[in-house]
Amino acid sequence: VEMSYQRTKDFDRLSFLYLITGDTEKLRKMLKISNMRGDIMGRYHNALLLGDAAERVSVLEASGNLPLAYMCAKLHGLTEDADRIKVAIETNKGDVDNVMEKVNAIEGANDKSGGRLLQPPTPIFRADNWPTIEVQKSTLADLSAAEPEEEEAEHQAAINAPVSDLANDWADAGDDEFGDEPAGGGLAAVGDDLDFGDDDWGEDDGLGDLGEDELGGADLGEDEGLDVVADDAGFQMPKSGRPPAACWVANSSHASDHVAAGAMPSAMQLLNRQIAASEFSVLHPSMMGCYMSSMMSVPGIPGSGSMAIPLLRNDTGGNPGNESLPRTFLSSKNLVDGIRNGYKFFQGGKFNDSKASFMDVLTKIPLVVTSSPQEQNEMKEMLSICREYITAIRIKGAMAEAAADPVRSTELSAYFTHCNLQPVHLLLALRSAMGTAFKHKNYILAASFARRLLELPDMSSERNADLKVKAQKVRQKSEQIARNEHELNYDETKSFKIDCRDFVPIYMGQ
């Protein structure tokens, strides 16, 4: 980029390049070059980019803008320059009072708003130049660059030379680029007029007309191979590798790896085939987290964009190359907290919160990548826990809706006790079912629930002493009456599964 701007003599963009790369030394050289070229605007722009208030005052004074120069010097605290310019304005019969009023008004506004001198931002990263690749030149390329362009060599030397050496001879622009021929005399020979126009370019010393007569001469014929460029003369572009996302899709059949690669269609197809998923809106938060956690963004060099770096889960022994797999943000440990929260809410009777916790865990399980058989068993166990508790909470909600129907409420309370719950939670389910059955005069069923309740290990603790006494009384009285008031769709002697849509039992062999 720097070389391109130098060759096209685009000094404004070259100065801006030095600004964003933090090369203040070369930016000061650009200021010096603008001064030698007599470029007032270029000189003022470089002074702005450098934050040099004194130079701006000098430029404004040299261009005849004495009122602006006085205001600039006064506002930036350059009192000596301000007094000198004030005298020059009065000598030229200028309106000093009007200028003083404007300066006082600006200073008053600055005092109220807390105005401060603005300086160019200091770059966090500093770079000498953009990255380049050295390319071997062919014989024809050396022939075309045999004669240096005089003005280009002078400008390149001005950029690379220290500021203190600008008054001495200009150095060569680079032997590799232009050969060993010197670039010319010193500044005294060049003079102060360094116009970079077309009139100052030197002649090509015979390279301007390369007709057939000259190319066919005997002198050129002695150099063999000038018109032949070897296969290895130019830069050979290395073969591009596979992007990480393509490797992830090719190396894995897990939906989370496809989501991390951004291949949402193939991920949804895998979920549909593996777990019959059809409604993916509930998986949207987990899928987005899986996608965003597979890459990280790192700032690049000044002036360039950020670099996206993949995060891999199989790079402990080095970069796996084409065998890479993405790192996911979900693991079995992340889901344990959700299970615990569900237990806590269920124990406290907050069934809606408990259901939300178990549903959150349930929607994350399909995108968890396990690394061992033990983790696979843990995920299967979590899946079973979420299924059983969500079913139990749904039955509990149906019980509240059917409270006015003694038959249906008793059936639902019985089904509720057949969900695979933790012992402490099964105790609560059996207590509720025992009370519902006894209330609706289904004494045989109430006695059955009381016996199951007394068989639980937690009933031996002191905190459940009152419940134990109550269960014993219910069992004793129910066994004495030994009848059910209603005919129920429930047979505790047979093994069954619960239909989660209609909440009815499906007996084995049915």
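Refer to the preceding data block for the structure.
Residues numbered from 1 in each chain as written. Predicted model: local features only at pLDDT ≥ 70, side-chain atom pairs only at ≥ 80, totals over all residues. Heavy atoms only, no water.

Draft legend 1. Local environment of the side chain of Thr417. Mapped onto the elements of the fold, Thr417 is located in the loop between α22 (406–416) and α23 (423–439). We classify Thr417 as buried; its relative accessible area is 3%. There is a polar contact of 2.6 Å between the side chain of Thr417 and the backbone oxygen of Ala414. Sequence-distant contacts of Thr417, that is, excluding residues within four places in its chain, are made with Leu426, Ala429, Leu430, Ala433, Phe449 and Arg452. (Helix = DSSP H or I, 4+ residues; strand = E, 2+ residues; numbered from the N terminus. Buried < 20%, exposed > 50% of the residue type's maximum accessible area, 1.4 Å probe, protein only. Polar contact = N/O pair within 3.5 Å; in protein donor to acceptor, adjacent residues only side chain to side chain. Contact = heavy atoms within 4.5 Å.)

Draft legend 2. Representation of the packing of helix α19 (residues 332–347) against α23. Closest axis-to-axis distance for the α19/α23 pair is 11 Å, and the angle between their directions is 30°. As far as their axial angle goes, α23 and α19 are roughly parallel. Crossing angle aside, the handedness with which α19 passes α23 is left-handed. Of the residues in α23, those touching α19 at Tyr343, Phe346 and Gln347 are Val424, His425 and Leu428. For the contact of α19 with α23, the class distribution of residues is four nonpolar, two polar and no charged. (Axes fitted to C-alpha atoms, helices over the stretch in contact; angles between N-to-C directions. Parallel < 35°, antiparallel > 145°, perpendicular 65-115°, else oblique. Left-handed = near helix turned anticlockwise from the far one by under 90°. Nonpolar A, V, L, I, M, F, W, Y, C, P; charged D, E, K, R; others polar.)

Draft legend 3. Spatial organisation of the layout of surface pockets. Quantified by volume, the largest pocket comes out at close to 560 Å³. Along the walls of the largest pocket sit 20 residues, with Ile275, Leu362, Ile365, Pro366 and Leu383 positioned nearest its centre. Among the elements of the structure, α17 (264–275), α20 (351–364) and α21 (373–401) are those that each provide at least two residues to the lining of the largest pocket. The dominant element in the lining of the largest pocket, judged by the number of residues it contributes, is α21, at four residues. In the lining of the largest pocket, the residues fall into 12 nonpolar, six polar and two charged. (1 Å grid on protein atoms, 1.4 Å probe; cavity = no way out; pocket = protein on both sides within 12 Å on 5 of 7 lines; lining within 4 Å. Points joined across faces, edges and corners; volume = space filled by probe spheres on them.)

Draft legend 4. How the structure looks around the packing of α20 against α21. The geometry of α20 relative to α21 is characterised by a closest axis approach of 9 Å and an angle of 150° between their N-to-C directions. The orientation of α20 relative to α21 falls into the category roughly antiparallel. In this structure, α20 meets α21 at a crossing whose hand is left-handed. Taken together, the residues of α21 that come into contact with α20 (itself represented by Phe351, Ser354, Lys355, Phe358, Met359, Val361 and Leu362) are Leu383, Ile385, Cys386, Tyr389, Ile390, Ile393, Arg394 and Lys396.

Draft legend 5. α22, seen in detail. In terms of residue burial, α22 counts as a mostly covered element, since eight of its 11 residues are buried. Of the positions making up α22, those classed as buried are Ser409, Thr410, Glu411, Leu412, Ser413, Ala414, Tyr415 and Phe416. If you follow the buried residues of α22, they end up packed against α19, α21, α23, α24 (443–454), β3 (496–498) and β4 (505–507). Between the side-chain oxygen at the start of α22 and the backbone nitrogen of Val407 there is a gap of 3.3 Å, and the oxygen is on Asp405.

Draft legend 6. Here's a closer look at the packing of aromatic side chains. For the coordinates displayed, the defined rule picks out 10 aromatic pairs. Ring centres of Tyr490 and Phe496 lie 6.2 Å apart, and the angle between their planes is 85°; this geometry places the pair in the edge-to-face category. Judged by its relative accessible area of 12%, Tyr490 falls in the buried class. The exposure class assigned to Phe496 is buried, which follows from its relative accessible area of 12%. These aromatic residues form a ring-pair network of at least three members: Tyr343, Phe346, Phe351, Phe358 and Tyr389. (Phe/Tyr/Trp six-rings, centres within 6.5 Å; stacked < 30°, edge-to-face > 60°.)

On their own, these measurements won't tell you what the molecule is for.
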